[in-house]
Amino acid sequence: MSEVIVITSGKGGVGKTTTTANLGVGFALRGKRVVLIDTDTGLRNLDLLLGLENRIMYDLIDVTEGRVPFKKALVRHKKHDSLYLLPTSQTKDKAAVNPEQMTALCNELAKDFDYILIDCPAGIEQGFKTAIAAADQAIVVTIPEISAVRDADKIIGELGRAEKGDIKLIVNRIRPQMVKKGDMLAMEDIDEILSLDCIGQIPDDELVVTSTNRGEPVITNPVSVAGQAYKDIVGRLCGENIPFSPIVEEGFFAKLKKVFKL
């Protein structure tokens, strides 16, 4: 049975698209058939994170407006045969797709895929309403900053009003030293504010930036702490009981060892 998961956030720039790309690769590494749908129309980036920007012929709008069947618009990943991307348009606006069209599309995709991951635009406007329409569950991504957590709380409220009851949380870019100093929210603070089931605590990791720039999600990097955190999230979403690893900020010599692979 196919699972439709929307990855959303209240605030932009918290790692929502990065999370979508890494979870998609993670499911594919487990042999699952996965399709990622970019619904951030006008501002698409998911293709860049997957290294597929030069292979796009058609997009989400072409499919929903009936110009091509969805199978013709899907872009297969170069390294993971069971992973596909349905990109969106860079020139249309978010009103180009409505919730009914998204639901119908996901119903069709569900016949061929185990997981449908929807990369939702930030905020609570029309694009958000369209992206969440067909979702069985939602993952809210935030970072340990008060403005991002407040925006996440708003998103959770909107998901509740849309009767999306299965909502999980991922906290991204955690810096333990800043948490210790009181300069960054601790997980206890975030839990108290949002009261959500947290399935992922991702440490701030410079390798995420380098992987993103190369179009290679960090989950495939064996020395990345963020990559391991994403692997653990995928395992939890597959029903495995995986404990959270303590997040330790790396010192200079630990980083040096990674650079030289010592």
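Residues numbered from 1 in each chain as written. Predicted model: local features only at pLDDT ≥ 70, side-chain atom pairs only at ≥ 80, totals over all residues. Heavy atoms only, no water.

**Focus: the pattern of salt bridges**
Charged atoms that come close allow side chains of opposite charge to pair.
Move 1: In total, this model carries 13 salt bridges according to the counting rule given.
Move 2: With a shortest N-O distance of 3.6 Å, Glu216 and Lys79 are connected by a salt bridge. Here Glu216, found in the loop between helix 10 (206-214) and helix 11 (225-237), pairs with Lys79, found in the loop between strand 3 (75-76) and strand 4 (83-86); they are 137 residues apart in sequence, far enough to count as distant.
Move 3: Taking relative accessible area as the criterion, Glu216 reaches 35% and is therefore assigned partly exposed.
Move 4: A relative accessible area of 59% means that Lys79 is categorised as exposed. (Salt bridge = Lys/Arg side-chain N within 4 Å of Asp/Glu carboxyl O. Helix = DSSP H or I, 4+ residues; strand = E, 2+ residues; numbered from the N terminus. Buried < 20%, exposed > 50% of the residue type's maximum accessible area, 1.4 Å probe, protein only.)

**What about unusual backbone geometry?**
Glycine aside, the phi torsion of most residues is negative, and most peptide linkages are trans.
Move 1: The backbone phi angle of Glu163 is positive, close to 65 degrees, even though this residue is not glycine.
Move 2: Structurally, Glu163 is set in the loop between helix 7 (146-161) and strand 7 (167-174).
Move 3: Judged by its relative accessible area of 73%, Glu163 is exposed.
Move 4: Of note, Arg173 is a non-glycine position whose phi angle comes to about 55 degrees, a positive value.
Move 5: With respect to the helices, strands and loops of the structure, Arg173 is situated in strand 7.

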